[in-house]
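If you want the building blocks of each chain, they are given just below.
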Amino acid sequence: MNDETQVIPVDLDRLQSRALLVGIAGLAACAIAAVSNHQQFLRSYLAGFLFWLAIAVGCLALLMLYHLVGGSWGFVIQRILEAGSRTLPLLALLLVPILFGLRVLYIWARPEDVAANTILQHKNIYLNIPFFLARMVLYFGLWVALAMLYNRWSRQHDGSGDGSWIDRAERLAAPGLIIYAVTISFAAVDLIMSLEPVWFSTAFGLMVICGQGVATFSFVIIMLSLASGRKPLAGFVTEQHFHDLGNLLLAFVMLWTYIAFAQFLIIWAGNLPDEISWYVTRLSGGWRIWALALLIFHFVVPFFLLLMRDIKKKAPRIVGVAGLLLVAHWAEMVWLVEPSFPPDRFHIHWMDVAAPIGIGGIWISLFVSQLKKRALLPLRHPKLAGVWEPAEET
Amino acid sequence: MEKDPLLYGVLAEFDGEHELLEAGRRAYQHGYRHMDAYSPMPIQGMSAVIGFPKTRLPLVVLIGGLAGCFGGFLMQYWISVIDYPLNIGGRPLNSWPAFIPVTFEMTILCAALAAALGMLALNGLPRPHHPLFNAPSFAGVTRNKFFLCIEATDPKFERDQVRRFLLSLNPREVTDVEQ
């Protein structure tokens, strides 16, 4: 069933230590630069934070989606999703520099700017620092709590083989997904949209959710391929699994494009000063080329590649598409954050690259250490009955 | 030996799905390619065993989709820019973002129609009669019978050899099917 082409041999231990080194080096470089250019550091850091937050929260969301609808696509990636969800406390920690820099990043957090703007005064009831902090505590509290519940039930099930733990996970899945959709929409409004607090779009949260779906499926495909040489995944993962994941990735790519374009079309058709200004900045000068590249590499190229069965079924090929989409997702985060700041013309800083790599190194190191803690498949699951003896669990 | 123009193929009936799956595998290993399996329900792995030729349907759907895409866009372009130019809110005549929804829907519509009609055309449907209905026992295929038919169009087809080969697979019966 499992031919060699599905396996990309990678030493996970080495990946873990190397990622940590890269992460520390990247963040250290950014920290030094932050002394002289605090605002640029925070902008780049925010984009990098959003990139990895999308994958960590996305892992939690896909885990709940799998428990809600089932399917073998989720069965093989369950442990990857669980390990990803266990990194959420790290992201809560990584949020701290942003919280200390609220006045630098967000115009609504600066009293002198609010005093000069009546719209911001009206919005002050929602956009103020204490309430912002309370909301962040609420979002991360809910996400971490959901992640802890799912991981605990999964461990209990591994220990006892009692199916009632799976039942619990399935019962919480629908309410959990509703909680996810609402909290991540609000978090997108708070963290990204409020960079330009006069602008608003009701499709924004949904667009961010779809982008998270793209990023998370891309990440999971890459990780599944990296881990598929290890027992017990080796010999169990087939090209059909990559085919299914590729189809789901294609669906999210199309959904993201649909929502992102719908938002643009409505604002473009309305052409109101408060709304269109967001796009005017993002579609002029160098940002226009950036946006065009987003359209091509976040939609056109992956769309046509993912239509082809031969690409979805062969791990090295679909991993290539997934890697491209991760880069495109980073470009989207930069495109959402950077144009919010003066100067209005195109500007990109080396920290826009270094900060995501720095955060990512530390995040991946933690992720791999979490992934190694448990068997790569839920060995007591009824699906595996008779395939593995419990003794192999260790 | 010259081929019989009146012969559609040789049909063998088997006891059940496992026997049919095994027979299909053996026939494929033996070198036969133009064959088909018939059963009352879908059999897991059957299409992989007897060979699943690549169809041209994806190409048909792609052409349909592209035709819908460009046709839909050009239709709107022609209406708004060439045939009946109207100043709407001071926007340029070729306001492409407004054309995208219709272009998108036309792409889907034409691709779906191409898929449905192309599938029928490539399958040679609709077709009121099929030569296999000439075999008296074949009517049972919708209830409880399992068949493998090696067709006369197969490059390796030679009636007596095929009969002997199919008989070696331990079938219930083997019959010639006329056109």
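Just so you know, these numbers come straight off a predicted model, no measurement behind them.

Undergrad: I keep staring at the packing of helix H9 (residues 129-160) of chain A against helix H10 (residues 164-191) of chain A and nothing clicks. Help me out?
TA: Between two packed helices, what matters for the description is the angle formed by their axes and the separation of those axes. All names here are of chain A. Between H9 and H10, the shortest axis-to-axis distance is 10 Å and the interhelical angle comes to 160°. Accordingly, the angle class assigned to the pair H9 and H10 is roughly antiparallel. Crossing angle aside, the handedness with which H9 passes H10 is left-handed. Looking at side-chain class alone, the contact of H9 with H10 contains 19 nonpolar, five polar and three charged residues.

Undergrad: Please clarify how the nonpolar core should be interpreted in this entry.
TA: What tends to happen in soluble globular proteins is that the nonpolar side chains get buried as a cluster. Grouped together as the largest cluster of nonpolar side chains are 139 residues, with contacts concentrated most on Phe-49, Leu-91, Tyr-106, Trp-143, Leu-191 and Phe-204 of chain A. It is helix H2 (residues 38-69) of chain A that contributes the most residues to this core, 20 residues altogether. Once residues within four sequence positions are removed from consideration, Tyr-106 of chain A is found in contact with Leu-46, Phe-132, Asp-190, Leu-191, Ser-194 and Leu-195 of chain A. Of all hydrophobic cores here, the second largest spans 25 residues; its members include Leu-7, Leu-21, Val-49 and Phe-165 of chain B.

Undergrad: Honestly, the domain arrangement of chain B in this entry has me stumped. Any pointers?
TA: Under the domain assignment used here, chain B contains domain 1 (7-54 + 130-178) and domain 2 (57-123). Taken over C-alpha atoms, the centre of domain 1 of chain B sits 44 Å from the centre of domain 2 of chain B.

Undergrad: What am I meant to see in the interface of chain A and chain B here?
TA: Think of interface size as the accessible area that goes away when the parts come together; that is how it is often given. With nine residues of chain A in contact, the opposing surface of chain B contributes nine residues. When chain A packs against chain B, the two sides together hide about 700 Å² of surface, and 75% of this comes from carbon and sulfur. Looking at the side of chain A facing chain B, the largest losses of area belong to Phe-261, Leu-265 and Trp-268 of chain A, adding up to 57% of the total buried there. The tally of links from chain A across to chain B stands at one residue pair in polar contact (both at pLDDT 80 or more). In the side of chain A that touches chain B, the residues fall into six nonpolar, two polar and one charged.

Undergrad: In this structure, what is going on with the side chain of Arg-86 of chain A? I would like to understand it.
TA: Tracing the sequence through the fold places Arg-86 of chain A in the loop between helix H3 (72-85) and helix H4 (88-94). Other than its neighbours up to four places away in sequence, Arg-86 of chain A contacts Asn-151, Gln-370, Leu-371 and Arg-374 of chain A.

Undergrad: What is the right way to look at unusual backbone geometry in this model?
TA: Comment: phi is negative for the bulk of residues other than glycine, and the bulk of peptide bonds are trans. The omega torsion across Leu-125 of chain B and Pro-126 of chain B is 0°, close enough to zero to call that bond cis. Positionally, Pro-126 of chain B belongs in the loop between helix H4 (96-123) and strand E3 (146-151). For Asn-271 of chain A, which is not glycine, the phi dihedral falls at a positive 55°. The class of Asn-271 of chain A is partly exposed, set by a relative accessible area of 45%.

Undergrad: Explanation requested: the sheet that holds strand E2 (residues 35-38) of chain B in the structure shown.
TA: Adjacent strands of a sheet pair through backbone hydrogen bonds, lying either parallel or antiparallel. All names here are of chain B. Taken together, four strands build an open sheet; the order of strands is E2-E3-E1-E4 and the sheet is antiparallel. At either end of the open sheet lies a strand with only one pairing partner, and these are E2 and strand E4 (173-178). Looking at each pair of strands side by side, their axes are set apart by 20° on average, direction ignored. Here six bridges tie strand E1 (residues 7-14) to E4, and the two strands are oriented antiparallel to one another.

Undergrad: For this particular structure, what's the right way to read the packing of aromatic side chains?
TA: The way to describe two aromatic rings as a pair is by their centre distance and the angle between their planes. Residues and elements named next belong to chain A. Enumeration over the complete set of coordinates arrives at 37 aromatic pairs over all chains. Relative to Trp-363, the ring of Phe-219 has its centre 5.3 Å away and its plane inclined at 65°; by these criteria the two rings are edge-to-face. Of this pair, Phe-219 sits in helix H11 (residues 204-227) while Trp-363 sits in helix H17 (residues 350-372); the two residues are 144 residues apart in sequence, bridging distant segments of the chain. Here Trp-363 falls in the buried class, since its relative accessible area comes to 0%.

Undergrad: Which parts of the structure should I look at to understand the pattern of salt bridges?
TA: A side chain of one charge can pair with a side chain of the opposite charge if their charged atoms are brought near each other. Residue and element names in this part refer to chain A. On inspection of all chains with the given rule, the structure shows 14 salt bridges over all chains. Close ionic contact of Arg-79 with Asp-158 constitutes a salt bridge, the shortest N to O distance being 3.0 Å. Taken as a pair, Arg-79 in helix H3 and Asp-158 in helix H9 lie far apart in primary sequence, 79 residues in all. Residue classification places Arg-79 among the buried residues on the basis of a relative accessible area of 4%. Among the salt bridges present, the one from Arg-110 reaches Asp-113, with a minimum N-O distance of 2.7 Å. With relative accessibility at 22%, the residue Arg-110 sits in the partly exposed group. According to the relative accessible area criterion, Asp-113 is partly exposed, its value standing at 28%. Sharing partners across several salt bridges, the network here consists of Arg-79, Glu-82, Asp-158 and Arg-374.

Undergrad: Could you clarify how one ought to interpret helix H3 (residues 57-83) of chain B in this entry?
TA: Note that an α-helix has 3.6 residues per turn; residues three or four places apart therefore point the same way. All names here are of chain B. Over its 27 residues, H3 runs 36 Å from end to end, which matches the ideal 39 Å to within 8%, given 1.5 Å per residue. Buried residues of H3: Gly-64, Gly-65, Gly-68, Gly-72, Gln-76 and Val-81, and no others. On the buried face of H3, the contacting elements are H4.

Undergrad: Help me out: how do you make sense of H10 of chain A in this one?
TA: The terminal C-alpha atoms of H10 of chain A lie 38 Å apart, and with 28 residues this matches the ideal 40 Å at 1.5 Å per residue to within 8%. Roughly 40° is the biggest bend found in H10 of chain A, and it falls at Ala-173 of chain A, with proline Pro-175 of chain A one to four residues downstream.

Undergrad: Would you mind showing me how to read the environment of His-129 of chain B here?
TA: All names here are of chain B. With respect to the secondary-structure elements, His-129 resides in the loop between H4 and E3. Residue class for His-129 comes out partly exposed when judged on its relative accessible area of 46%. Residues His-129 and Pro-92, spaced 37 residues apart in sequence, show a C-alpha to C-alpha distance of 58 Å.

So, how was this worked out
- Residues numbered from 1 in each chain as written.
- Chains lettered and ligands numbered in written order.
- Predicted model: local features only at pLDDT ≥ 70, side-chain atom pairs only at ≥ 80, totals over all residues.
- Heavy atoms only, no water.
- Axes fitted to C-alpha atoms, helices over the stretch in contact; angles between N-to-C directions.
- Helix = DSSP H or I, 4+ residues; strand = E, 2+ residues; numbered from the N terminus.
- Parallel < 35°, antiparallel > 145°, perpendicular 65-115°, else oblique.
- Left-handed = near helix turned anticlockwise from the far one by under 90°.
- Nonpolar A, V, L, I, M, F, W, Y, C, P; charged D, E, K, R; others polar.
- Core = buried A, V, L, I, M, F, W, Y, C linked by side-chain atoms within 4.5 Å.
- Buried < 20%, exposed > 50% of the residue type's maximum accessible area, 1.4 Å probe, protein only.
- Contact = heavy atoms within 4.5 Å.
- Domains from an automatic or database assignment.
- Buried area = accessible area lost by both parts, 1.4 Å probe.
- Polar contact = N/O pair within 3.5 Å; in protein donor to acceptor, adjacent residues only side chain to side chain.
- Pairing = 2+ DSSP bridges.
- Phe/Tyr/Trp six-rings, centres within 6.5 Å; stacked < 30°, edge-to-face > 60°.
- Salt bridge = Lys/Arg side-chain N within 4 Å of Asp/Glu carboxyl O.
- Expected span 1.5 Å × (residues − 1).
- Bend = angle between axes of the 7 residues up to and from the residue.

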